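Here is how the chains run, residue by residue.
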Protein chains: 4
Amino acid sequence: MVKSDTSTDASNIYMIKEDDYVLLYIDEKRKHIFRVRAGYRFSGDKGFVDHEKLLGVAYGTKITLSSGVKAYVLNPTTEDMVFKLFKRPTQVIYPKDIGRIILKLDIGPGKRILEAGVGSGVSTAFLAKYVAPEGKIYGYEIREDFAEMAMRNISLLGLEKYVEIKIKDISEGVDEKDLDAALIDLPDPWRILDVLYNALRPGAPVVFFLPTMNQVIKLFDELSSSTKWIAVEIEEILERIYETKKNAIRPRVRMIGHTGYIVSTRKILNM
Amino acid sequence: MVKSDTSTDASNIYMIKEDDYVLLYIDEKRKHIFRVRAGYRFSGDKGFVDHEKLLGVAYGTKITLSSGVKAYVLNPTTEDMVFKLFKRPTQVIYPKDIGRIILKLDIGPGKRILEAGVGSGVSTAFLAKYVAPEGKIYGYEIREDFAEMAMRNISLLGLEKYVEIKIKDISEGVDEKDLDAALIDLPDPWRILDVLYNALRPGAPVVFFLPTMNQVIKLFDELSSSTKWIAVEIEEILERIYETKKNAIRPRVRMIGHTGYIVSTRKILNM
Amino acid sequence: MVKSDTSTDASNIYMIKEDDYVLLYIDEKRKHIFRVRAGYRFSGDKGFVDHEKLLGVAYGTKITLSSGVKAYVLNPTTEDMVFKLFKRPTQVIYPKDIGRIILKLDIGPGKRILEAGVGSGVSTAFLAKYVAPEGKIYGYEIREDFAEMAMRNISLLGLEKYVEIKIKDISEGVDEKDLDAALIDLPDPWRILDVLYNALRPGAPVVFFLPTMNQVIKLFDELSSSTKWIAVEIEEILERIYETKKNAIRPRVRMIGHTGYIVSTRKILNM
Amino acid sequence: MVKSDTSTDASNIYMIKEDDYVLLYIDEKRKHIFRVRAGYRFSGDKGFVDHEKLLGVAYGTKITLSSGVKAYVLNPTTEDMVFKLFKRPTQVIYPKDIGRIILKLDIGPGKRILEAGVGSGVSTAFLAKYVAPEGKIYGYEIREDFAEMAMRNISLLGLEKYVEIKIKDISEGVDEKDLDAALIDLPDPWRILDVLYNALRPGAPVVFFLPTMNQVIKLFDELSSSTKWIAVEIEEILERIYETKKNAIRPRVRMIGHTGYIVSTRKILNM
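Only a predicted model underlies this, so the values are computations on that prediction, with no experimental measurement involved. (Residues numbered from 1 in each chain as written. Chains lettered and ligands numbered in written order. Predicted model: local features only at pLDDT ≥ 70, side-chain atom pairs only at ≥ 80, totals over all residues.)

*Asks:* Please give an account of the overall build of chain A that cites residues and values.
*Replies:* Assigned secondary structure in chain A consists of 7 helices and 15 strands. Projecting the C-alpha coordinates of chain A onto the three principal axes gives extents of approximately 70 × 40 × 35 Å. Put simply, chain A has 271 residues, and 50% of those count as buried. (Helix = DSSP H or I, 4+ residues; strand = E, 2+ residues; numbered from the N terminus. Buried ≥ 20, exposed ≤ 12 C-beta atoms within 10 Å, placed from the backbone.)

*Asks:* Give me the lowdown on the nonpolar core, citing residues and values where you can.
*Replies:* Membership of the largest hydrophobic core comes to 328 residues, with the highest contact counts inside it found for Ile 113 of chain B, Ile 113 of chain C together with Ile 113 of chain D. Setting aside its immediate chain neighbours within four residues, Ile 113 of chain D contacts Leu 105, Ile 107, Leu 127, Val 131, Gly 135, Ile 137, Tyr 138, Leu 179, Asp 180, Ala 181, Ala 182 and Leu 183 of chain D. (Core = buried A, V, L, I, M, F, W, Y, C linked by C-beta atoms within 7 Å. Contact = placed C-beta atoms within 7 Å.)

*Asks:* Any chance you could break down the interface of chain D and chain C for me, citing the residues and the numbers?
*Replies:* Tallying the contact residues gives 63 residues for chain D and 64 residues for chain C. Of all the secondary structure elements, the ones that give two or more residues to the side of chain D that touches chain C are α1 (3–6), β6 (70–74), α2 (78–85), α3 (95–104), α4 (122–131), α7 (213–224), β12 (229–243) and β15 (261–267) of chain D. It is β12 of chain D that provides the largest number of residues to the side of chain D that touches chain C, a total of 13 residues. For the side of chain D that touches chain C, the per-class residue count stands at 33 nonpolar, 13 polar and 17 charged. Sheet topology places strand β12 (residues 229–245) of chain C next to β12 of chain D; 7 bridges connect them, and they run antiparallel. In the strand pairing of β12 of chain D, Glu 235 of chain C is matched with Ile 241 of chain D. (Nonpolar A, V, L, I, M, F, W, Y, C, P; charged D, E, K, R; others polar. Pairing = 2+ DSSP bridges.)

*Asks:* Kindly report on the domain arrangement of chain A, identifying the contributing residues and their values.
*Replies:* Residues and elements named next belong to chain A. For chain A, the assigned domains read domain 1 (3–76) and domain 2 (80–267). Summarising the inter-unit geometry, the C-alpha centres of domain 1 and domain 2 are found 32 Å apart. Each partner contributes residues to the interface: domain 1 has 5 residues there, and domain 2 has 4 residues. Looking at the side of domain 1 that touches domain 2, the elements that each hand over two or more residues are β1 (21–27) and β2 (30–35). (Domains from an automatic or database assignment.)

*Asks:* Break down helix α5 (residues 144–156) of chain D for me, with residues and values.
*Replies:* All names here are of chain D. Between the first and last C-alpha of α5 there are 19 Å, a value that for 13 residues agrees with the 18 Å anticipated at 1.5 Å per step. Among the residues of α5, those classed as buried are Phe 146, Ala 147, Met 149, Ala 150, Asn 153 and Ile 154. Within α5, the buried residues cover an arc of 165 degrees as seen down the axis, which keeps them to one side. Away from the buried face of α5 by more than 90 degrees, exposed residues Glu 144 and Asp 145 are located. (Expected span 1.5 Å × (residues − 1). Arc of directions from axis to C-beta.)

*Asks:* How would you summarise the relation of the copies chain D and chain C if you had to cite specific residues and measurements?
*Replies:* With an RMSD of 0.0 Å, the fit of chain D onto chain C corresponds to turning through 180 degrees and sliding 0.0 Å along the axis. Considering both components of the superposition, the chain copies are consistent with a two-fold axis. Relative to the rotation axis, the closest C-alpha in chain D is found at Gly 99 of chain D, a distance of 1.9 Å. Interface residue correspondence from chain D to chain C reaches 100%, placing this contact among same-surface, isologous pairings. (Least-squares fit on C-alpha atoms with pLDDT ≥ 70 in both.)

*Asks:* Please give an account of the sheet that holds strand β5 (residues 62–64) of chain C that cites residues and values.
*Replies:* Residues and elements named next belong to chain C. The antiparallel open sheet is built from 4 strands, whose spatial order is β2-β1-β6-β5. In this open sheet, the two strands that pair with only one neighbour each are β2 (30–35) and β5. Between one strand and the next, the sheet's axes are offset by a mean angle of 30 degrees, whatever the strand orientation. Taken together, the 3 bridges between β5 and strand β6 (residues 70–74) define a ladder with antiparallel strand orientation. Opposite Ile 63, over in β6, you have Ala 71 as the bridge partner. Taken strand by strand, helix α2 (residues 78–85) contacts β1 (21–27) and β2, and its axis lies near 95 degrees from that of β2. (Axes fitted to C-alpha atoms, helices over the stretch in contact; angles between N-to-C directions.)

*Asks:* Give a detailed account of helix α2 (residues 78–85) of chain A, specifying residues and quantitative values.
*Replies:* If you check which residues of α2 of chain A are buried, you get Thr 78, Glu 79, Met 81 and Val 82 of chain A. One side of α2 of chain A holds all its buried residues, which, seen down the axis, span an arc of 165 degrees.

*Asks:* Pulling in residues and values, what's your account of the sheet that holds β2 of chain A?
*Replies:* Residues and elements named next belong to chain A. Read from one edge of the open sheet, 4 strands run β2-β1-β6-β5, paired in antiparallel fashion. Looking along the sheet, the strands with just one partner apiece sit at the ends: β2 and β5 (62–64). Averaged over all adjacent pairs, the angle separating strand axes in this sheet is 30 degrees, with direction ignored. The pairing of β1 with β2 spans 6 bridges and is classified as antiparallel.

Written out as structure tokens, the structure reads:
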């Protein structure tokens, strides 16, 4: 995990050190994350600043770019890191969805979680953060390039020790047993229901993330006609972000109107 | 924390034991949580079952009520426990909001979090779960009855060691310093901005949860005209739950259309 | 059409006359519509008023109920009449949907419109209002009791001359030809696509109103694989109503989260 | 009004004639409206077609572009015309809002309507269509260029005889009396409440269309503390459009998340 995020050693938590990630906040549209390294320079359309000037400075401090423009150095949150720093070639789940899913899956310290369809590791990173400091995410990803990118991404957060990614088609089987929960982000999850069933402990919650109505209906029909699953729920999470202009607060005109449907269920013993 | 939730000792995790909480799932509208105790009996409109019959049974097992109706014994998630078991005299934040807020506040193991307006402890419980096993929630609640109810509620989850609730008007000051984040669920948060500022580490994220437009505008005006806060964001989370009827999947007609606006900001050094 | 609604004879438009419908507005939750008749009395939980006292009074006037409570006499809009006065045993389309559908169907004076699944006549009434003073709605309704209720309802608005309702299964054929548009509110509209096609003029727009995802997918698959229809569109209209409390404006907690999906298409010549 | 829209003369309604507007539907992203004139040619990225080939052809007919690509000639709806043909330099109200507003304002044949803030005439056109064949829209627009553009736009639909636009600041007074309803699309409507009041008949409904929360609160406070207005309501209309891809139906990712709040009220006599 990123040091500045979790350390409780008060003596050094506030000072920016070599190799720390910082979020340079210039204005609403200019938020830059980078690693501080002596000898480097941040440069943007509003001016530049040498990293050296940030070393030893407290988080939250106002600095001045070369142009005279003001900026603030903040410690990035996990959300900042993931959504600004991760390489993301795939469609991703948004924070609105991830937050909801973490509660649905009852993620918590020590849990062992299955993830199928790791993609760039966005949801993996959050799952890993919330099973720390003892749990583990077992990720199955069929594409080698995605699996590698995901591990590189997750390493940026220092969360790699909570994640094991396998380059493997999950339909061929899951190596682990008695897993506590699963997040399935695959286009055809009905194909792997038996494999999934065998990998989970009884009662384990599962979330499927599906973009289309057609998938939802097909999966629902499979789950609800099976004796292996119960408590099938379907929902969507919508996030309405507001424009924050003085005396003119209003919902943004352009909104992300859909990411995916969240379908959840729980494994029951089939006797 | 509830044992069945976090234990990784595989030998006993699947068997229901005396004093465990179970979720008895009869159907979509009948989900009952209770503590298993020899000599007790669960009784509902679909029949009864003696607790004794659940002891030593695996989670996920199908049982038969006195009436012949089938039911399943599941281990409750934190969400199940909080929303079915907590006494809640106050308006609460919903899972859709809590999940989003946990990411916004960058909650994680070891964090020290301020909460003002604890109410019945719903959000406190989730914050506590996600700062475990090392962090702490410092809750300020002006009403003694709420504070006590909140602690009783949180104790149901075994999370009490991560929570300290003070019966105190937060406007009189926060005892802690350098807190990592804050969740403020008060009707007039503009009154406590200075106190809040002094309690937080530089860069710390804050979330305010506010039901009305009028509050949002007033708070936004205060925050955006101050030199102490930056990155003010406003959003809402909407959850659309679907009816899960075979061949007739549709969004529920009755929907929770609003809980509150999520206003967030970060503390900056005011120099 | 209701006189008070459309008359342009300024000399008598503002005075309440015998047999006029009035909307008695007491407060947000007490809006009563009734017909003014000498000798009758309006009576509610906030007091009573004799109709006689309303005769000759101008619309918009403040009156005093027997209890001393104030009330206002307004002329009801078509929307007020339909949603407060119509007998409605069936699920209805809401104003949010009807307004959108009227534009989609290009309803206007003189148009001849097919409606299948008349129900209690709610949408029929609005269609009729907007084809007046020359057009006509041809309604097909299989249930005699609904058809009769619908005509009684529509007569309350004086719109009966723009409506002809047939107690007939539309799948057996439509008597009219070259209709300008159609509104289909049936559970299985894919069964009547050929009949529908034959009743419409080339290019005519059609709206199907469907509550479930399953219906939407089935209908879409039929329409998009046919050579008889083009420009298939699917949408939903959501209405978010706000609580209007001084200093506490907020979206209502309870919201109608779903009525139906609006699927539209246009007939093309199949050559 | 456009001939092809309202004529009930069956003998010529289906054939495209010189000077008719047609909607050439090539595919979901290529819908072109133009006026058919011998000697002209439609040309797009998918090929061209000479207008001559469309004359005498029935609406709904499939034609072939020069490239071999198929297309359909449809008669445009008013919505098609307004949103594809109108010059629109200003932010406009969307169909979702207009449909709802028409019902709120109880627009119907013969009504005399005030509109303040005409802009490019988008809502004016729909109001005009629904007061035809006897009513009138009185539009007040402070900018001469907008007023002229609006009249040119409205003339495209043949609706100009139902509209009178005045280049005048409405705060200086409304010339008409006893108007049936008003649509106010101004940034500071609280400034003109007295003028508005004087122009309306008692009981008349008014809709204000406002983009920001701040405006809504300010207007609501004015209206609710006045003795001249009653039944203040606030709502928003959201339109969720779906992607219509075979086997992959889903809400569009990019959505118009906000246009404006609809605030409505009714004039009461102030005695």
